[in-house]
Every structure is written in structure tokens, then in C-alpha cells.
Amino acid sequence: MAYALLRNYIRPTATLFERQLGAMSLAAITTETATAIEKVRARPSSYLPKDDQMRRAFASTAVRNYSKKTAAPERAYNSDSDSDSDDEREAAPRRQRKQRGNSDFWRRKMRTLHGLLDVNKDGVISYDDFVLLTEKFASLGHLDTKAKDEFRAIMRTTWEQQWGEITPYNLVTVEQYLTEMHHVVNDRDLKKKVHRFLPYLYKAVDKDRSGSISLHEFKLFFRCLGLTEEDAAVSFAVIDKNGDGQITLDEFVKLGKDFFVSEKETHVSRLFWGPLVDH
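Quick caveat: nothing in here was measured; it's all calculated off a predicted structure.

The rules behind each value
- Residues numbered from 1 in each chain as written.
- Predicted model: local features only at pLDDT ≥ 70, side-chain atom pairs only at ≥ 80, totals over all residues.
- Heavy atoms only, no water.
- Helix = DSSP H or I, 4+ residues; strand = E, 2+ residues; numbered from the N terminus.
- Buried < 20%, exposed > 50% of the residue type's maximum accessible area, 1.4 Å probe, protein only.
- Contact = heavy atoms within 4.5 Å.
- Areas by Shrake-Rupley, 256 points an atom, 1.4 Å probe, with all protein chains shown as cover.
- pLDDT = per-residue confidence, 0-100.
- Core = buried A, V, L, I, M, F, W, Y, C linked by side-chain atoms within 4.5 Å.
- Phe/Tyr/Trp six-rings, centres within 6.5 Å; stacked < 30°, edge-to-face > 60°.
- Lys NZ or Arg CZ within 6 Å of the ring centre and 35° of its normal.
- 1 Å grid on protein atoms, 1.4 Å probe; cavity = no way out; pocket = protein on both sides within 12 Å on 5 of 7 lines; lining within 4 Å.
- Points joined across faces, edges and corners; volume = space filled by probe spheres on them.
- Nonpolar A, V, L, I, M, F, W, Y, C, P; charged D, E, K, R; others polar.
- Arc of directions from axis to C-beta.
- Expected span 1.5 Å × (residues − 1).
- Salt bridge = Lys/Arg side-chain N within 4 Å of Asp/Glu carboxyl O.

### Side note on the overall build of the protein
Reasoning step 1: A tally of regular secondary structure across the protein gives 12 helices and two strands.
Reasoning step 2: For the protein, the α and β elements follow one another from N to C terminus as α-α-α-α-α-α-α-α-α-β-α-α-β-α.
Reasoning step 3: Looking at the 279 residues of the protein, the share that counts as buried comes to 30%.
Reasoning step 4: Contacts spanning at least 24 positions in sequence make up 62% of the contacts within the protein whose residues lie at least 6 apart.
Reasoning step 5: When the accessible surface of the protein is summed, it comes to about 18,900 Å², and 55% of that surface belongs to carbon and sulfur atoms.

Set out below in C-alpha cells:
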């Protein structure tokens, strides 16, 4: 029994001693190996065998590639900093878009339209003017109740989105109109909406529902704007580019839109709303 107890005591002790001895041996081996590696590293490449030189070159390349891969996330993170990125600094500057609405000719066109929208001729545009103009064209085209309601709704929406609330005190002077329209023609989204009332206006002017506007109907259109039949005849002759005596919906809408955005004095759209004011 005493022998058994002694054996049980010695076995764990021996096992622990073996592990410690193994660790010491491994440490010694590791230290020795590291020392040998440092000696090899310090040795010039010309003293190494050719195979060792190739292995060293391969290992160096692998280390560089690994370093690049591990450094990439840090660079990507730094690119989100407040400073400009390399790409932004090296990129060529984009050509700045030329602003519309800075010419005297364009201002003359907007002044002309302001005068036409000022139906009661009090010097300012109000929602009352929009209502009067809508009713004139609704009567001109003998629109049914549904068409009239659609026309009124689009004119009301146009006013609210461009000029704001509907009150007797919301009045638009000439200078206010010029400033607002300058903003509209230089804003990508607003510019797309500047002509949205024109299809409804076309429907009212196309009195006989033929799908095109004749000279006679165009004269009625100008009469609603307070212009003469002579003004209508001159404008129609310029606008009707193909000379077929008819203006289609596409032509009408395109010319109406070009009136707002074009600054070419020779463009046919300049007479879309009749003769221009002198200043």
C-alpha cells in the first residue's frame, strides 16, 4: 500500500517535470532558431545559395503584398475625412453650367408675359388674374364642366407652387416675377414644370377639337390675352414653321417652353405670346 501511494505521488510530479522540461527545451530551440534567422537575415544576399536568395525574395514580396492588403481598409476610412480625397484633388473640374435668364432679351420676354398675366392691368399679378384668365379660355373653348375643373385645378396648383398662398395680399410685381422666373429656369426640377399648364391651354384654344390650332383659333387665343388679330397673324406666321396652317399640340407645348428657356433672339418662340415690350 505504501508503494502504491508513493507511485501515485511520483507520477504527477514526474509528468509536471516533463512538461516543464519540454517547455524549457522548446524555448531554447525557439531562441536558437530566432538567432539563426537573424544571422541569415543579416548576411548579404550574395553569400546565400541561389535557392535561399529566391526564397528570401519571394518572402519579401509576400510580406509587401500582405501589408498593402491590410492597409487598404485604413486608407478607405481616411478617405471619408474632412479633407479632399486624392481622386477629388486630381479630377479635372467640371465645366460650370451657364446660367439662363441674364440677358436683356430674356428679361423683355418675361416682362411681356407679366403684362399679359396681369389681366386687370393693375401692375401686379394676383390669383384673381389667374382666375380671370382661366375663365376667359374656358369660355373661348366652350369647355365642358370636367375640362373646366381640370383647367382651374392646374392653374391653382401652378399659382400655389410658384407664388404661395392664395390671399388678396399676395401680389407679384414685375421685378418679383423676373427674380422668380430666373430661379425657375435655372432649377432642373422647376424648369420641367414651367410649361405644364400649356396642354390645358391648348385644349381650350383648339375650339373645334380637331387636334390642331388654326389661324382663326390662334386669333381667338390672342384676343383672350388682350392682343390684336394682326399680332396673332404675325406670330402665327413665324411659329408655323412648316407653313401648313396648323399648330399641333407638340409644337405648341415645345414653343411655349422654349419661350421661357431660350435666349436666342432669332428663335421663333420669341413671338409665342405676341410682340415683346420695348424694355
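### Some points on the confidence of the model for the protein
In low-pLDDT segments, the atomic positions of the prediction should not be examined closely.
Reasoning step 1: Per-residue pLDDT for the protein averages 75, and the proportion of residues at 70 or more is 65%.
Reasoning step 2: Confidence scores differ between elements of the protein, with helix H3 (residues 86-90) showing the lowest mean pLDDT of 39 and helix H4 (residues 104-117) the highest of 96.
Reasoning step 3: For residues 1-18, every residue scores under 50 in pLDDT, and the model assigns this stretch zero contacts once sequence neighbours within four places are set aside.
Reasoning step 4: Note on residues 53-93: pLDDT under 50 across the span, and 10 contacts to partners over four residues away in sequence or across chains.

### Quick look at the nonpolar core
Reasoning step 1: Core analysis: the biggest nonpolar cluster contains 56 residues, and Phe137, Tyr177, Leu201, Phe221 and Trp273 have the highest contact counts within it.
Reasoning step 2: At the level of secondary structure, the elements contributing two or more residues to this core comprise H4, helix H5 (127-140), helix H6 (145-163), helix H7 (174-185), helix H9 (198-205), helix H10 (215-224), helix H11 (229-239) and helix H12 (249-261).
Reasoning step 3: Once residues lying within four places of it in the same chain are set aside, the contact partners of Phe137 are Phe151, Leu201, Ala204, Val205, Phe221, Cys224 and Leu225.

### Focus: the packing of aromatic side chains
Each aromatic ring pair is specified by the distance between its two centres and by the angle formed by the two planes.
Reasoning step 1: Taken as a whole and assessed by the stated rule, the structure comprises 16 aromatic pairs.
Reasoning step 2: Ring centres 5.2 Å apart and planes at 75° place the aromatic pair Phe272 and Trp273 in the edge-to-face group. Residues Phe272 and Trp273 agree in their burial class; the two are buried.
Reasoning step 3: Directly above the aromatic system of Phe259 lies the positively charged group of Lys109, at a separation of 5.1 Å from the ring centroid.

### Some words on empty space enclosed by the protein
Reasoning step 1: By the definition in use, this model includes one cavity of 30 Å³ or more.
Reasoning step 2: In this structure, the largest cavity occupies an estimated 40 Å³ of space.
Reasoning step 3: In terms of lining, the largest cavity is formed by Leu143, Ala147, Glu150, Phe151, Tyr200, Lys203 and Ala204.
Reasoning step 4: Secondary-structure elements contributing two or more residues to the lining of the largest cavity are H6 and H9.
Reasoning step 5: Taken together, the residues that form the lining of the largest cavity break down as five nonpolar, no polar and two charged.

### Topic: H9
Reasoning step 1: Those residues of H9 that sit buried are Leu198, Leu201, Tyr202, Ala204 and Val205. Angularly, the buried residues of H9 cover 160° about the axis, an arc narrow enough to put them on a single face.
Reasoning step 2: For H9, the secondary structure elements touched by its buried residues are H5, H6, strand E1 (212-213), H10, strand E2 (247-248) and H12.

### Notes on H7
Reasoning step 1: An ideal rise of 1.5 Å per residue puts 16 Å on 12 residues; H7 measures up with 16 Å between its terminal C-alpha atoms.
Reasoning step 2: Among the residues of H7, those classed as buried are Tyr177, Leu178, Glu180, Met181, Val184 and Val185.
Reasoning step 3: Against the buried residues of H7 lie H4, H6, helix H8 (188-193) and H12.

### Concerning the pattern of salt bridges
Reasoning step 1: The tally for this structure, following the rule as stated, stands at seven salt bridges.
Reasoning step 2: Between Glu135 and Arg152 there is a salt bridge whose closest N-O contact spans 2.7 Å. With a gap of 17 residues between them, Glu135 in helix H5 and Arg152 in helix H6 connect regions that are remote in the sequence.
Reasoning step 3: For Glu135, a relative accessible area of 29% translates into the label partly exposed.

### Notes on unusual backbone geometry
Reasoning step 1: Although it is not a glycine, Lys121 sits at a positive phi angle of roughly 55°.
Reasoning step 2: Examined against the element boundaries, Lys121 turns out to sit in the loop between H4 and H5.
Reasoning step 3: Even without glycine at this site, Arg209 takes up a positive phi of about 60°.
Reasoning step 4: Here Arg209 shows up in the loop between H9 and E1.

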